[in-house]
Amino acid sequence: MLKDRDPYVQKALDMGVSLFAGEAEGRLGNVLLDASLNELHPVYNFMDDLPNIEGVASPLLPAERVHLTAGATTSFDAGRGCPFACSFCTIINVQGRKSRRRSPDDIEAIIRANLAQGLHSFFITDDNFARNKDWEAILDRVIMLREVEKLKISFIIQVDTLCHKLPNFIEKCKRAGVKRVFIGLENINPDNLLGAKKRQNKITDYRQMLLAWKSVGVVTYCGYILGFPGDTPESIISDIEVIKRELPVDLLEFFYLTPLPGSEDHQKLHEAGIEMDEDLNKYDLNHDVTGHSKMSRDEWRQTYHKAWETYYTDEHIETVIRRCIATGTSPGKTTFFIVWFRGCIGIESIHPLEGGFLRIKSRRNRREGLPVENPLVFYPRYVIETLSKQLKWISLYIRMRIIYKRVKRDPARFDYMDTALAPVTDHEEERDLFKTEAAQNYLDKVHRNERVSRGETV
Ligand code: SF4
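Residues numbered from 1 in each chain as written. Predicted model: local features only at pLDDT ≥ 70, side-chain atom pairs only at ≥ 80, totals over all residues.

Side note on the packing of helix H13 (residues 314-327) against helix H15 (residues 375-409)
Here is the rule we go by: All axes here are fitted lines through C-alpha atoms, helices being fitted over the stretch that makes contact, and every angle between N-to-C directions spans 0 to 180 degrees. A helix here means a DSSP run of H or I that spans at least four residues, while a strand means a run of E at least two residues long, and both kinds are numbered starting from the N terminus. Small angles under 35 degrees read as roughly parallel and large ones over 145 as roughly antiparallel, with 65 to 115 read as roughly perpendicular and the rest as oblique. Two helices crossing with the near one rotated counterclockwise from the far one by less than a right angle form a left-handed crossing, whereas a clockwise rotation gives a right-handed crossing. Each residue is represented by a C-beta atom placed from its backbone, and any two residues with such atoms within 7 Å are regarded as in contact. Only Asp, Glu, Lys and Arg are considered charged in this grouping, and only Ala, Val, Leu, Ile, Met, Phe, Trp, Tyr, Cys and Pro are considered nonpolar; every other residue, Gly among them, is considered polar.
Running from N to C, H13 and H15 point in directions that differ by 45 degrees, and their axes come no closer than 10 Å. With respect to each other, H13 and H15 are oriented oblique. Here H13 and H15 pass one another in a crossing that is right-handed. In contact with Asp314, Ile317, Glu318, Ile321, Arg322 and Ile325 of H13, H15 contributes Met400, Ile403, Tyr404 and Val407. The class makeup of the residues in the contact of H13 with H15 is 7 nonpolar, no polar and 3 charged.

What follows is the structure in structure tokens.
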């Protein structure tokens, strides 16, 4: 994305590291051959030549590695590429904007190979499975495996906020065994979404889309980005309160808006000479790496942590569990994920997507520039730290379990209803979701466009 070579990339080349850019299919064999002959080129660049991924070898993670993760979930990509153009996204600049996909035969072969090693749970890593051109053929094949062959398989997928408009998409996902879905909600301020070129996210559709997933009992994880230009500490917390009241989201996960190298945002900041953190380890979406026009770095950090605390209150967790029971979404699994999310941030200070229940540290694994610690200091501290964290995990689990049991014992639990679960009506625009100035301007624009499409003068 940058005109000049990144200094760290140049440093790696100067150290004699060979670099490979692009996708491996059809290319890695030659690279390995060059390596075996000790004739590696400095750079292999296939960025302008994206390979066909149909009928090619597919990656297979060995079961012993997969069992190290909670739930023993393995992963594969059914396709690559996304037609959208979100400015913070790197995927489109690596995998392109055209859909390339594996065939239903390929997917079936991947599933069978994993079942043969005892793995039943899959994360389809397509950044947007709804835009895989063959989603229906793939889901039909998986449905056949589940409903005819009775294979016990389940899936986690990632989709965009317009997926519910694809006829049959959500229903077939349910029949194919999709249990959890990641949705890039990103924000509820239309100006922020427009600024990030996330035009496909229409806040007027959010409730309908989330209710469609709730109607089939799938757990929703929504990504929410903090630090768009229009955000302030007050607006962020107020928006989260609106989400809690009005959107039937199960898990909400927060990220710093991050200029990831390879994204349009990074390119623009680089060209404008805006300061960005040099330490690439921090580009994990759980650290601030650049400034914000309306918040100091400290304010942004405090607001990021407050956002997690604001969403995951005991009171709102109880509401989420009540919504799960009322809609047929697994309350036990949702409680488990809530413990995981809350614990990763509150106990481990790590993003849930990178976290786990036990942190294994190696004394000799140190970041460049940091000294290896004395074993007499390292091991006692590690043991105390681990014991104290495990006690916190247990206490968190017990607290969440008490909430879960309380809701489960409520005889009226199946009749639960609230503002978020209420069906979509003609009065949606009276909701708090549309009370901000940005949302009102957005609605004006939507109404103007509707009038134009009806041929009326505006
Ligand atoms: S919808 Fe998702 S994958 Fe597609 S461009 Fe936007 S962030 Fe990237």
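Some points on the nonpolar core
Condition: To form a nonpolar core, buried Ala, Val, Leu, Ile, Met, Phe, Trp, Tyr and Cys residues must be joined through C-beta atoms within 7 Å. Burial in this document is a count-based property: other C-beta atoms within 10 Å of a residue's C-beta are tallied, and the residue is buried at 20 or more, exposed at 12 or fewer, or partly exposed in between, with C-beta positions derived from the backbone.
Within the largest apolar cluster, 80 residues are counted, with the highest numbers of intra-cluster contacts made by Ile157, Val181 and Leu226. Residue contributions to this core peak at 6 residues, all from strand S9 (residues 219-226). Leu226 has contacts with Asp231, Ile236, Phe254, Phe255, Tyr256, Leu257, Thr303, Tyr304 and Ala307, leaving out every residue within four places of it along the chain.

Side note on the site of the ligand
Formally: We count a residue as near a molecule or strand when its backbone-placed C-beta atom lies within 6 Å of that partner.
The environment of the ligand is made up of Cys82, Phe84, Ala85, Cys86, Cys89, Ile91, Ile92, Asp127, Asn128, Asp160 and Gly184. Its residues placed into classes, the shell around the ligand shows 7 nonpolar, 2 polar and 2 charged.

Observations concerning helix H2 (residues 28-36)
For H2, the buried fraction is low: 0 of the 9 residues fall into the buried class. Positive backbone phi, approximately 60 degrees, marks Asn38, located one or two places after H2.

Brief notes about the pairing of strand S8 (residues 178-186)
Note the cut-off: Note on pairing: two strands pair once DSSP finds at least 2 bridges between them. A crossover gets the label right-handed when its path from the first strand over the helix to the second runs clockwise, viewed with the strands pointing away from the viewer.
The buried count for S8 comes to 8 of 9 residues, which makes it a mostly enclosed element. Where strand S7 (residues 154-159) meets S8, 5 bridges bridge the pair, whose relative direction is parallel. Pairing of Ile157 across the sheet is with Val181, part of S8. In this region the chain leaves S7, passes through helix H7 (residues 169-175) and returns to the parallel neighbour S8; the handedness of that crossover is right-handed. Bridge count for S8 against S9 is 5 bridges, and the pairing is parallel. The residue of S9 that forms the bridge with Val181 is Thr220.

Function-wise, these values are silent; they only describe arrangement.
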